[in-house]
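Tertiary structure, described
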Amino acid sequence: MNIIEAKDYQDLSIKAAQYIIKNVRHNPNLVLGLATGSTPKGTYEQMIKDFQQNNTSYQYVKTINLDEYVGLAKDDLNSYSTFMNEHLFNHIDIPHSQTYIPNGMAKDLHNECAQYDRLIHSLGGVDLQLLGIGHNGHIGFNEPNTSFKTRTHIVKLASSTRNANERFFQDINEVPNYAITMGIQTILESKEILLLVSGKGKAKAVQKLLVEKNRCEQFPASSLYAHPHVTIIADKAALSLTFERKES
Ligand code: F6R
C-alpha cells in the first residue's frame, strides 16, 4: 500500500483530484469507480475546478458508482444518483449515459446486482476505484463480516452506518435499511484503488488498517491487503493514532 499524507482535508482533496485527473489525462477512456459521502466532495470540487480551468475532458470516461440505497428513486434528494449529479456530473462534460449507479428501485434487486457486475465486466473492469472508509471499516456498503468473495449484492446497513448517514436525512427513520453495493471481490478486481481518509473520527479505522495489518472479514477494508495497487491518501488527523502507535 502506498500512503500519501495530506496536511488537511483541502490538501487531501487537491492531491486526490490530481491523482484522478492524471489518470483521466493518461487514459481518456478510463473506467472510473466513484464513491459518495463527505470525503470525496472536496475531490469532486477540485475536479470541477480543473475542468473549468484546464478543460480536462470526461467525454469518453465511464463512471461506475459503488452503491445506492434501496428504495430511493434516482431523483430522490438523498439518492446517490442525485448526489453524483449535484457534486460532479452536472459540472463536467461527461455524458450522463456514461455514468452508472445501481438502481435502488429495481423490481428485481438480485437481477439488478447481477446486471451491474455484467456491466462492469462489459466495460472491461474498473481502471481506478475511489473509496472512502466507514468508522467500522466498511468499504462500499460492505459491512463487517461480509465475505471477501462477494460481488454486487444487497446489504442490510449496520445501525452505526445508518446513524452516520442520518446527517443527510431529516431523521433516522428516513435512512434506508438496505443498499445495493459492489461486493468486496468486485472492488478488488479494480485495476487500481485510491482510498481517501480524512479527520480524527476515522483515526481508529486507519490505525486498525495500517497498524494491525490483519486481513479479516470483521474489518472489510483489510481486504485491500490482497490488492497489488492501492494508494491511500490520508490527512494528518486521520493518521494521528497511526503515527502515535508507530512512534511508541
Ligand atoms: C460511499 C461509500 C461508503 C463511504 C463511507 C465513508 O459510496 O461507499 O463506503 O465511502 O461510508 O463515508 P464518508 O466519506 O461520508 O465518511
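These notes cover the structure that comes with them.

Definitions and cut-offs
- The numbers attached to residues start from 1 for each chain and follow its sequence in the written order.
- A pLDDT threshold of at least 70 governs which residues receive local features in this predicted model, and a stricter bar of 80 or more applies before side-chain atom pairs are shown or counted, although totals over entire chains, interfaces and linings include all residues.
- Note that the side-chain values use all heavy atoms of the structure and ignore hydrogens as well as water.
- A strand pair is defined by DSSP finding two or more bridges across the two strands.
- Under the DSSP-based scheme used, a helix requires at least four consecutive residues in state H or I and a strand at least two consecutive residues in state E, with every element numbered from the N terminus.
- A fitted line through C-alpha atoms serves as each axis, taken over the contacting stretch for helices, and the angle formed by two N-to-C directions is quoted from 0 to 180°.
- What makes two residues a contact is simply this: any of their non-hydrogen atoms within 4.5 Å.
- If you view a crossover with the strands going away from you and the path from the first strand over the helix to the second runs clockwise, you call it right-handed.
- Consider each residue's heavy atoms; a residue with any of them within 4 Å of a molecule or strand counts as near.
- The definition of a polar contact used here is a pair of N or O atoms within 3.5 Å, where within protein one atom must be able to donate a hydrogen and the other to accept one, and adjacent residues in sequence count solely through side-chain atom pairs.
- Three residue categories are used. Nonpolar comprises Ala, Val, Leu, Ile, Met, Phe, Trp, Tyr, Cys and Pro, charged comprises Asp, Glu, Lys and Arg, and polar comprises the others, including Gly.

1. Considerations on the sheet that holds strand β8 (residues 178-181)
Overall, antiparallel pairing links the three strands, which are arranged β4-β8-β7 in an open sheet. Where the open sheet ends on each side, the last strands, each with one partner, are β4 (67-69) and β7 (153-156). On average, adjacent strands in this sheet sit at an angle of 25° to one another, irrespective of strand direction. Examined bridge by bridge, β7 and β8 share four bridges and lie antiparallel to one another. Residue pairing for β8: V155 is matched across the bridge by A179. Lying on the sheet, helix α4 (residues 109-122) is in contact with β7 and β8; it crosses β7 at an angle near 125°.

2. Brief notes about the pairing of strand β3 (residues 62-65)
Inspection of the sheet shows strand β2 (residues 31-34) paired to β3 by four bridges, in the parallel sense. Bridging from a neighbouring strand, L32 pairs with T63 of β3. The parallel pair β2 and β3, bridged by helix α2 (residues 41-54), forms a crossover whose chirality is right-handed.

3. Regarding the site of the ligand
Around the ligand sit 13 residues in total, of which T39, D67, H138, G140 and K202 are the nearest. Note that an oxygen atom of the ligand is positioned 2.6 Å from one of the side-chain N or O atoms of D67. Side-chain polar atom of R167 to an oxygen atom of the ligand: 2.9 Å apart, as the coordinates give it. Of the residues contributing to the shell around the ligand, the split by class is three nonpolar, seven polar and three charged.

Just geometry here; none of it tells us what the structure is for.
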